[in-house]
Amino acid sequence: MRSWLGYALALLVAGSALALGFVSGQWVMAAIALGVALALALGVFVESGPDSAKEVALIATLTGIAVAGRLLVHPFPGVQPMTVIVIASGAAFGLRIGISVGALGALVSNFFLIQGPWTPWQMALWAACGAVGALTVRLARRRLAFALLCAVLAFGFSSAMDVAYWWYAYAHTWAGLTVQVTTGFAFTLAHALGSFAIALAVGPELVRLLERFGRRLHTEIVWDEAPAPAERVG
């Protein structure tokens, strides 16, 4: 029951944040409110699973890696290694962590870049990439298949973002959509090809590296107490 109340509160805060952004244009404040809503939802989401404290630490670490990957290549338009990292996180750790890393990575990285009406779309789309990674985990073991998956998801991500930009930046006409898709195609292609190249080069190794990191995080050392010395019977 408490989990449903937590989700309802997070949904209320998120809805208020989106209203604040779209109505008044205060996207920095809206992003902060979205962060609060996401933190509430993730708190309930993670608490419902086993080893919740360790999952929080794992999500924070993976989010930091994803954000760093996005920021490092930001000068190269369209290239987004964060997509591959999010998909690999889902493949290595499952649905819960894949979705969390995707959504948090988009929100946190935009504090370093710029917040705007695109933030909720990016959060949802990268969360979806993490979910697909978790649902297609077998492909992560096959280099070419994983690279193709990353390329398709990257192309779909950027195409969906073109629709998002058209939705709030243009009059809702087919001509406006054509202009947005045409002008953004080079960036969409760069995202897809860059993700393909990264996944082809290091995809399976990245998944195995993340899995080893997760196993070490969940490893517990139990010290056995020394047996008490036997009493002498005289």
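Our structure's up above, just so we're on the same page.
Residues numbered from 1 in each chain as written. Predicted model: local features only at pLDDT ≥ 70, side-chain atom pairs only at ≥ 80, totals over all residues. Heavy atoms only, no water.

## Section: the side chain of Ser109
The following threshold applies: The helix count covers DSSP runs of H or I at least four residues long, the strand count covers runs of E at least two residues long, and both are numbered beginning at the N terminus. Partly exposed describes any residue whose relative accessible area lies between the buried limit of under 20% and the exposed limit of over 50%, with all areas from a 1.4 Å probe on protein chains only and scaled to the type maximum. N or O atoms closer than or at 3.5 Å make up a polar contact, with two conditions inside protein: a donor-capable atom paired with an acceptor-capable one, and, for residues adjacent in sequence, both atoms drawn from side chains. In what follows, residue pairs with any heavy atoms lying within 4.5 Å of each other are defined as contacts.
Following the sequence through the fold, Ser109 ends up in helix 5 (residues 95-112). Assessed through its relative accessible area of 0%, Ser109 is described here as buried. A polar contact is formed between the side chain of Ser109 and the backbone oxygen of Ala106, at a distance of 3.2 Å. When neighbours within four sequence positions are excluded, Ser109 is seen to be in contact with Val67, Arg70, Leu71 and Met82.

## Thoughts on the environment of Ala37
Checked against the element boundaries, Ala37 lands in helix 2 (residues 27-47). Owing to a relative accessible area of 3%, Ala37 belongs among the buried residues under this scheme. The spacing of Ala37 and Gly15 is 22 residues in sequence and 9.1 Å in space, taken between C-alpha atoms.

## Points about the packing of aromatic side chains
Here is the rule: Pairing of aromatic rings covers Phe, Tyr and the six-membered ring of Trp, with a centre-to-centre limit of 6.5 Å; geometry is then stacked below 30 degrees between planes, edge-to-face above 60, and tilted otherwise.
Counted under the stated rule, the structure contains 3 aromatic pairs. Here the aromatic rings of Phe155 and Phe185 are separated by 6.4 Å at their centres, their planes lie at 80 degrees, and the arrangement is edge-to-face. Residue Phe155 is found in helix 7 (residues 143-169), and its partner Phe185 is found in helix 8 (residues 174-218); the two are separated by 30 residues along the sequence. For Phe155, a relative accessible area of 35% puts it in the partly exposed group. Given the relative accessible area of 40%, Phe185 is considered partly exposed.

## Quick look at helix 6 (residues 118-135)
To keep it simple, the criterion reads: Expected span of a helix, by definition, is 1.5 Å for each gap between consecutive residues, and there is one gap fewer than residues.
For helix 6, spanning 18 residues, the distance from its first C-alpha to its last is 26 Å, which sits close to the expected 26 Å at 1.5 Å a residue. Among the residues of helix 6, those classed as buried are Thr119, Pro120, Gln122, Met123, Trp126, Ala127, Cys129, Gly130, Ala131, Gly133 and Ala134.

## Things to note about helix 4 (residues 81-93)
With 13 residues, helix 4 ought to run about 18 Å at 1.5 Å a step, and its terminal C-alpha atoms sit 18 Å apart, in line with that. In terms of burial, helix 4 is largely enclosed, as 12 of its 13 residues are buried. Within helix 4 the residues assigned to the buried category are Pro81, Met82, Thr83, Val84, Ile85, Val86, Ile87, Ala88, Ser89, Gly90, Ala91 and Ala92. The first or second residue beyond helix 4 is Gly94, which carries a positive phi of 100 degrees.

## Comments concerning the nonpolar core
Here is the rule we go by: We call a set of buried Ala, Val, Leu, Ile, Met, Phe, Trp, Tyr and Cys residues a nonpolar core when their side-chain atoms join them within 4.5 Å.
Counting 35 residues, the largest nonpolar core has Ile87, Trp126, Phe146 and Val207 as its most contacted members. Residue assignment for this core shows that the elements contributing at least two residues are helix 3 (52-72), helix 4, helix 5, helix 6, helix 7 and helix 8. In this structure, Val207 is in contact with Ala88, Ala91, Ala92, Ala140, Arg141 and Phe146, ignoring residues within four places of it in sequence.

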